[in-house]
Amino acid sequence: MASQQLSQTQGLRQKLTPQQVQFVRLLEMNGPEIEEEVRRAVEDMPALEAADPAEHAEGGLTEDGATFNETPEQISRADFASDDDIPDNYIPRGAFTARRDTYIPEPSTSPDAYGETLFESLTRQLEQQLDVADEERLAAKHIIGNLDDNGYLTRDIRSIADDILMAEGAEISPETVNRVWQMVRSLDPAGVGATDLRDCLLLQLDRMRRSTEQLTAREIIRDYFDLFSKRHFDKIASALGITRDALDDALAVISRLNPKPGALLAPSGLEDRSRHISPDFLVEPDSDGNLSLTLLNRIPELNVSQTFAEDTPLPPASQREAAAARLFIKSRRDDAQGFIRLISMRQEALYRVMAAIMAVQREFFLTDDPSRLRPMVLRDIAARTGYDLSVVSRATQGKYVATPRGTYPLKMLFNERSKDNDDATTSPRISAFLTELVEAEDKAKPLSDEQLTSLLRARGLDIARRTVAKYRERLGFPVARLRKQT
């Protein structure tokens, strides 16, 4: 019989305090999210109040941000002698701007911009078929829900049947799910519900009016898809026993097909379609080559309400009631002061991190040229700011910076140095030069990977041919043979 024993072990475990957890959560928020969080806090915390916007606009807001001639420490600490001298409601200088609002790009004006989603369109079409039973509607909901943005089915039939059983408690046979899937494949846009590109093209060809070109195109996709993908057109013509002109007619039919039918309809709802990127930072160069940084959020100045101040007089009451009242006031005041302190810490952290990024990527912000990006990783910014890697990661996660020429995700500014070369060779630089070369090449005689490697080396990028091939594939450029156009 096994015996039970008690044993003690000693170990170290790091545990975040509630304040640290809340700080991390606030740090991860973008501009609109933090504005909503502050608004909600003002409503929920009786001791917290926001200054009047008009008064706040007069209270020393910067018009142009802080010039980057100062160091991040000078920018963020202003003129306070030490951390203890920073008031609870202090927000770093340059954190706001009085006349700049959140940047909103032009919304889409395409005909489908405010139309149905793919899910809504397919569901509506199915509902118009009067002979659809309840279990078929249920199966259809799960099938349509498993279509990706391009309209392709991402799960197999048996897995969808299992999903319905687990989520809905309804046992629907794979045969029924398969029958409903065929119904979905008959809906518009043509090609929706396909399992892959070949299937998608065949669905569209089957709906076309029969003709010699249509039949030939269907045979090419059905029986010679691999040759078609590799653009071995002469082999296809030989296998089909047709002339090159007849082949070209069939290829013209295929070229008019849509490889992504689901993209005709927006994949998400109206709310997602109308959602705009709101940059968290604005970086602007001036004529002297200096950079200014502005933190783009509209957080009002936060204060502790006078009603909850330490010297708030209490109405006549018993000693016990007065003690309870003082405890209540102190508790609410501490909550408000703690929130103000966390907001200040968040703003300062964001500002210092972005200022450090500006220092490293100065050439990029002066030119808006991605090829001027320097190698930079989270560890570099952590070393400059003194923050932990996790703080830098959260401060940059999901954040955007606006410049006079565009808006960029902060993650674009981070890149490893190339293993083949020195510090000046970065992924964006290689990608920019490679894209330029491929787009400018003679389409009748496209450049091979060896030729691209030689041209990049002539520009000072001494990288291997295999590295060029890797970047070419990542950029979506096929090999030279497949890029050839006659």
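Residues numbered from 1 in each chain as written. Predicted model: local features only at pLDDT ≥ 70, side-chain atom pairs only at ≥ 80, totals over all residues. Heavy atoms only, no water.

> Can you help me understand the packing of helix α20 (residues 449-458) against helix α21 (residues 465-474) in this one?
When two helices pack together, their arrangement is given by the angle between the helix axes and by the axis-to-axis distance. Two elements in contact, α20 and α21, have axes separated by 9 Å at closest approach and are oriented at 105°. By the angle class used here, α20 and α21 are roughly perpendicular. The segment α20 lies against α21, with Asp 449, Glu 450, Leu 452, Thr 453 and Leu 456 engaging Arg 465, Val 468, Ala 469 and Arg 472. Partitioning the contact of α20 with α21 into residue classes produces 4 nonpolar, 1 polar and 4 charged. (Axes fitted to C-alpha atoms, helices over the stretch in contact; angles between N-to-C directions. Helix = DSSP H or I, 4+ residues; strand = E, 2+ residues; numbered from the N terminus. Parallel < 35°, antiparallel > 145°, perpendicular 65-115°, else oblique. Contact = heavy atoms within 4.5 Å. Nonpolar A, V, L, I, M, F, W, Y, C, P; charged D, E, K, R; others polar.)

> Explain the nonpolar core to me, please; I cannot follow it from the model alone.
A general feature of soluble globular proteins is that nonpolar side chains tend to end up buried together. Met 354, Ile 357, Phe 365, Ile 381, Val 401 and Leu 413 are the most contacted members of the largest nonpolar core, which has 49 residues in total. The element that contributes the greatest number of residues to this core is helix α15 (residues 319-360), accounting for 16 residues. In this structure Val 401 touches Pro 279, Phe 281, Val 283, Met 354, Phe 365, Gly 406, Thr 407, Tyr 408, Leu 410 and Leu 413, once residues within four positions along its chain are discounted. Counting residues in each nonpolar core, the second largest holds 24 residues, with Leu 147, Ile 160, Trp 181 and Val 192 among its members. (Core = buried A, V, L, I, M, F, W, Y, C linked by side-chain atoms within 4.5 Å. Buried < 20%, exposed > 50% of the residue type's maximum accessible area, 1.4 Å probe, protein only.)

> Looking at this structure, I do not really get helix α2 (residues 31-44). What am I missing?
Counting along an α-helix, one turn takes 3.6 residues, and residues three or four places apart therefore face a common direction. Across its 14 residues, α2 extends 20 Å between first and last C-alpha, which sits within 8% of the 20 Å expected from 1.5 Å per residue. For α2, the complete set of buried residues consists of Gly 31, Ile 34, Glu 35, Glu 37, Val 38 and Ala 41. Angular distribution of buried residues about the axis of α2 spans 160°; they occupy a single face of the element. Away from its buried face, by an angle of more than 90 degrees, α2 presents the exposed residues Glu 43 and Asp 44. Buried residues belonging to α2 abut α1 (18-28), β1 (48-50), β5 (302-304) and α15. (Expected span 1.5 Å × (residues − 1). Arc of directions from axis to C-beta.)

> Mind showing me how you'd approach helix α17 (residues 378-385) here?
For α17, the full list of buried residues reads Ile 381, Ala 382 and Thr 385. Buried residues in α17, looked at end-on, bunch into an arc of 105°, giving them a common side. In this structure, α17 carries Arg 379, Ala 383 and Arg 384 as exposed residues pointing more than 90 degrees from its buried face. Contacts from the buried residues of α17 go to α15 and α18 (389-396). Immediately downstream of α17, the backbone of Gly 386 shows phi near 85°, a positive value.

> How should the pairing of strand β7 (residues 406-409) be read in this particular structure?
One face of the sheet, then the other: side chains in a regular strand alternate in exactly this way. In the sheet, strand β6 (residues 400-403) pairs with β7 via 4 bridges, with the strands oriented antiparallel. By the bridge assignment for β7, Val 401 is matched with Tyr 408. Hairpin remark: β6 followed by β7, antiparallel, with 2 residues in the connecting loop. (Pairing = 2+ DSSP bridges.)

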